[in-house]
Amino acid sequence: MTIHVGLRIDVDTIRGTRDGVPALVRLLAKYDIQATFFMSVGPDNMGRNLWRLFKPKFLVKMLRSNAASLYGYETLISGTAWPGTMICKKLAHIIRLPHETGHEVGLHAWDHYTWQTHIDRFSEKRMLSHLQRGFDTLTEILGSRPKASAVPGWRANEKSLLLKERFGFSYNSDCRGKSLFVPMVGGKTLTTQIPTTLPTYDEVIGTNGISLINYNSFIISQCRPGQLNVYTIHAEVEGISLLGEFEKLLIQARKEGIKFQPLRNLLAAQSQPLHVGEIIKSTTQGREGWMAWQE
Ligand SMILES: [Zn+2]
C-alpha cells in the first residue's frame, strides 16, 4: 500500500537558499520527487539567534543538535553586527529554481528571525507589512502569485491567521497537528490548514535513543497509511550537512512504499468535508518556546 507523505522544505537563510536549495532540487530530481519549498525572501537576520545562547534551554539544544555544523558559522553570525543581507537581492535566481523545476513554491517569511522572535509583540500594521513585502517580493520573483504559505517557526496567532486571509492562499501550513482542517477564529472559518505532523531533525536527535543511525527508520515508522503525514526538512540542514543522510531516507522510504509529494497534492486528494477546529499555542519536546497547534 502506498503511504502518501507531504514533503515540506523550509528555507530560512542566505546559506540555505544558496547552497541547500540547488542541492535539494538536484537530489529530488534524481528520485523523481516533487515537494513544497517555503522561501524566506527578505533580510537574513538569523545570526541574532547567537544572543539566545545565553538562554540555557537554547544552548542545550544547540549543543545536542550540533547546530554550528548543522547551520554553519556564517548563519550563526548573520545579522548580528550589521543589517541582514537581502536574500531576494542576491539569490532571486535560486528562489525561482524550484518553481522552474515543477516544485510548489510558497511564502515562508520576509524576515524569518524577526517574525519568529517578536510575533507576540507585532502590531497589526507590522505583521501585515511582513506578509505584504514577502508576498509581493515572491510574486515578482516567480512571475505569479504564491498560492500557499507557512509562517516561520510554526508561530501563528489569531492576528496572523486573519491577516493571511487577504492574500487568497489556497492553503496555509502554519501549525503542527494531525489532519487537514478549517481553522475557526472569532466565529469565522478561514483558509484550510495543512499541519506538519512529524517532528523535525533538531527536535528529536539526541533524545529517546534517537541518533543518526536510527533517525531515518524512526521518521519512516511514524508515516502511516490512512492518516495525514507531513514531514518538514530545512534547506540549511538536510540540504547541506545532512544531504547524504536525507538521500538515504529517500531510498529507504521508497522501499517502504512511501511516496513524497507537494502539500498541494494532499489538498487536492481531500474529498471529505474538513472538520472545523481551533489553533492553540503549545510546546513540543526539543523546541524552545511555543508553536501553533491544531487543537
Ligand atoms: Zn523556517
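Novice: Honestly, the coordination of the zinc ion in this entry has me stumped. Any pointers?
Specialist: Surrounding the zinc ion are the protein donor atoms Asp 12 (OD), His 108 (NE2) and His 112 (NE2), which sit 2.1 to 2.3 Å from the metal. The sequence pattern describing where the donors of the zinc ion fall on their chain is D-x95-H-x3-H. The residues His 108 and His 112 share a single accessibility class, namely buried.

Novice: Whenever I open this one, the environment of Gln 285 confuses me. Can you help?
Specialist: Within the secondary structure, Gln 285 sits in the loop between β13 (279-282) and β14 (291-294). Put simply, Gln 285 and Pro 199 are 86 residues apart on the chain and 9.3 Å apart in space, counted from C-alpha to C-alpha. When neighbours within four sequence positions are excluded, Gln 285 is seen to be in contact with Glu 203, Thr 207 and Asn 208.

Novice: I would appreciate a short explanation of the pairing of strand β2 (residues 36-40) in the present structure.
Specialist: The side chains of a regular strand alternate between the sheet's two faces. For β2, the buried fraction is high: five of the five residues fall into the buried class. Along β2, one buried face is formed by Thr 36, Phe 38 and Ser 40 and the opposite face, lined by Phe 37 and Met 39, is buried too. In terms of strand pairing, strand β1 (residues 3-11) meets β2 through four bridges, oriented parallel. Residue pairing in the sheet places Ile 9 in a bridge with Phe 37 of β2. Taken together, β1, helix α1 (residues 14-30) and β2 form a β-α-β motif whose crossover is right-handed. Where β2 lies against strand β5 (residues 104-109), five bridges are found, and the strand directions are parallel. By the bridge assignment for β5, Phe 37 is matched with Val 105.

Novice: What should I look at first to understand helix α12 (residues 243-255) in this one?
Specialist: Residue pairs three or four apart in sequence face the same way in an α-helix, which turns once every 3.6 residues. Between its first and last C-alpha atoms α12 spans 19 Å; for 13 residues at 1.5 Å apiece the expected length is 18 Å, and the two agree. Here α12 has its buried residues at Phe 246, Glu 247, Leu 249, Leu 250 and Ala 253. Taken end-on, α12 shows its buried residues confined to a sector of 155 degrees, consistent with a single buried face. Contact partners of the buried residues in α12: β1, α1, α10 (215-222), β10 (230-234), α11 (237-241) and β11 (258-261). Downstream of α12 by one or two residues, Gly 257 has phi in the positive range, about 85 degrees.

Novice: Just checking my understanding: could you explain the environment of Ser 40 for this structure?
Specialist: Looking at where Ser 40 falls in the secondary structure, it is placed in strand β2. Sequence separation between Ser 40 and Gly 16 is 24 residues; the distance between their C-alpha atoms is 9.8 Å. Sequence-distant contacts of Ser 40, that is, excluding residues within four places in its chain, are made with Val 11, Asp 12, Ile 87, Ile 95, His 108, Ala 109 and His 112. Of note is the side chain of Ser 40, whose polar atom sits 2.7 Å from the backbone oxygen of Val 11.

Cut-offs and rules
Residues numbered from 1 in each chain as written. Predicted model: local features only at pLDDT ≥ 70, side-chain atom pairs only at ≥ 80, totals over all residues. Heavy atoms only, no water. Donors = N, O, S within 2.8 Å, 3.2 Å for Na, K, Ca; no water. Buried < 20%, exposed > 50% of the residue type's maximum accessible area, 1.4 Å probe, protein only. Helix = DSSP H or I, 4+ residues; strand = E, 2+ residues; numbered from the N terminus. Contact = heavy atoms within 4.5 Å. Pairing = 2+ DSSP bridges. Right-handed = clockwise from strand over helix to strand, strands pointing away. Expected span 1.5 Å × (residues − 1). Arc of directions from axis to C-beta. Polar contact = N/O pair within 3.5 Å; in protein donor to acceptor, adjacent residues only side chain to side chain.

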